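Below, each chain spelled out in residue letters.
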Amino acid sequence: MIIGSLIGTYVAITPFLFYLYEYVPNTQVWETFLFTYDSNLWGDANLSMWILTGKAVPFVLLLIWFFTNRNWWYHALIVPIVMYAFQIVGLIYNDIANVDELDWLYMIPLMAIIIPSIYLIRAKMFNKINDADKSMQELEEEFMMKPKGVWSRIKQYF
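Worth saying up front: this structure is predicted, and the values here are computed from it rather than measured. (Residues numbered from 1 in each chain as written. Predicted model: local features only at pLDDT ≥ 70, side-chain atom pairs only at ≥ 80, totals over all residues. Heavy atoms only, no water.)

> Just checking my understanding: could you explain the overall build of the chain for this structure?
Across its full length, the chain holds 7 helices and 2 strands. Taken from the N to the C terminus, the helices and strands of the chain come in the order α-α-β-β-α-α-α-α-α. Accessible surface for the chain amounts to roughly 10700 Å². Of this, 67% is attributable to carbon and sulfur atoms. (Helix = DSSP H or I, 4+ residues; strand = E, 2+ residues; numbered from the N terminus. Areas by Shrake-Rupley, 256 points an atom, 1.4 Å probe, with all protein chains shown as cover.)

> Explanation requested: a nonpolar patch on the surface in the structure shown.
A grouping of Ile13, Phe16, Leu20 and Tyr23 is seen on the molecular surface, where their side chains present a nonpolar patch of about 420 Å² in accessible area. Tracing the backbone shows isoleucine 13 in the loop between helix H1 (2-12) and helix H2 (14-18). By relative accessible area, isoleucine 13 is classed as partly exposed at 38%. (Patch = residues over 30% accessible without salt bridge, like charges linked within 9 Å, V, L, I, M, F, W, Y side chains within 5 Å. Salt bridge = Lys/Arg side-chain N within 4 Å of Asp/Glu carboxyl O. Buried < 20%, exposed > 50% of the residue type's maximum accessible area, 1.4 Å probe, protein only.)

> Looking at this structure, I do not really get the environment of glutamine 28. What am I missing?
Turning to its location among the elements, glutamine 28 is positioned in the loop between H2 and strand E1 (29-31). Residue classification places glutamine 28 among the partly exposed positions, given a relative accessible area of 35%. Spatially, the C-alpha atoms of glutamine 28 and aspartate 44 are 4.5 Å apart, while their sequence positions differ by 16 residues. Excluding its chain neighbours within four sequence positions, the residues that come into contact with glutamine 28 are Tyr37, Asp38, Ser39, Asn40, Gly43, Asp44 and Ala45. (Contact = heavy atoms within 4.5 Å.)

> Where do I start with the packing of aromatic side chains in this structure?
The relative placement of two aromatic rings is captured by the distance of their centres and the angle of their planes. One pass over the full model with this rule turns up 6 aromatic pairs. Measuring from ring centre to ring centre gives 6.1 Å for phenylalanine 18 and tyrosine 21, while their planes differ by 75°; the resulting arrangement is edge-to-face. According to the relative accessible area criterion, tyrosine 21 is buried, its value standing at 11%. Ring centres of tyrosine 19 and tyrosine 21 lie 6.1 Å apart, and the angle between their planes is 35°; this geometry places the pair in the tilted category. Grouping aromatic residues by their ring pairs yields a cluster made of Phe18, Tyr19 and Tyr21. (Phe/Tyr/Trp six-rings, centres within 6.5 Å; stacked < 30°, edge-to-face > 60°.)

> I keep staring at helix H3 (residues 45-68) and nothing clicks. Help me out?
Residues spaced three or four apart along an α-helix point in a common direction, a consequence of the helix completing one turn every 3.6 residues. Given a rise of 1.5 Å per residue, 24 residues ought to cover 34 Å, and the 34 Å separating the end C-alpha atoms of H3 matches this to within 8%. Between the side-chain oxygen at the start of H3 and the backbone nitrogen of asparagine 46 there is a gap of 3.1 Å, and the oxygen is on aspartate 44. (Expected span 1.5 Å × (residues − 1). Polar contact = N/O pair within 3.5 Å; in protein donor to acceptor, adjacent residues only side chain to side chain.)

> Could you clarify how one ought to interpret the environment of leucine 110 in this entry?
Looking at the secondary structure, you find leucine 110 in helix H5 (residues 103-131). Taking the C-alpha atoms as reference points, leucine 110 and isoleucine 78, separated by 32 residues in sequence, lie 8.6 Å from one another. Filtering out sequence-adjacent residues up to four positions away, leucine 110 remains in contact with Ile78, Val79 and Val82.

> Sorry, what's going on with the nonpolar core here?
Grouped together as the largest cluster of nonpolar side chains are 17 residues, with contacts concentrated most on Trp30, Met49 and Ile81. Secondary structure elements with two or more residues in this core: H3 and helix H4 (78-94). Here this core gets 7 residues from one element, more than from any other, and that element is H3. Aside from chain neighbours lying at most four places away, what touches tryptophan 30 is Val24, Pro25, Phe35, Thr36, Tyr37, Ala45 and Met49. If you look at the next biggest cluster of nonpolar residues, it comprises 5 residues, including Trp72, Met107, Ile114 and Ile118. (Core = buried A, V, L, I, M, F, W, Y, C linked by side-chain atoms within 4.5 Å.)

> I keep staring at the side chain of asparagine 46 and nothing clicks. Help me out?
Here asparagine 46 is to be found in helix H3. Residue classification places asparagine 46 among the buried residues on the basis of a relative accessible area of 13%. At 2.9 Å, the side chain of asparagine 46 and the backbone oxygen of tyrosine 21 are in polar contact. In this structure, asparagine 46 is in contact with Tyr21, Glu22, Val24, Pro25 and Asn26, ignoring residues within four places of it in sequence.

Next up, the structure:
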């Protein structure tokens, strides 16, 4: 109940989290009592944080969706999660101008594994529909993974 409340609260405040960049000054160097950020290539810390929040908020929402989804197709969410992760890492560590241009090249091997596996699960489901008198809802429930907690949900992937 506590974890569900925290997740619901986070989802409810995502519009506020997206607009956090408004509190960042329009200067190249942003100094706080915790850190100093220098937006070398962007030239404006506000612009850099706008791009970061535009990628971090959907990234966290996709992670929540992935870990709370019980449908058979939830592995397809790994592709946009990895895409946003590459973009965030590229933005933070490299401070490159073309942060969205070549990340798809790194995603091709991942998509080469995930897309066929999703297709095989779907094909297996439709074979079982043809062999037995089960409804689509019963098959989805059969393929659904039901771990007991967050840690067991993470362990089932490794």
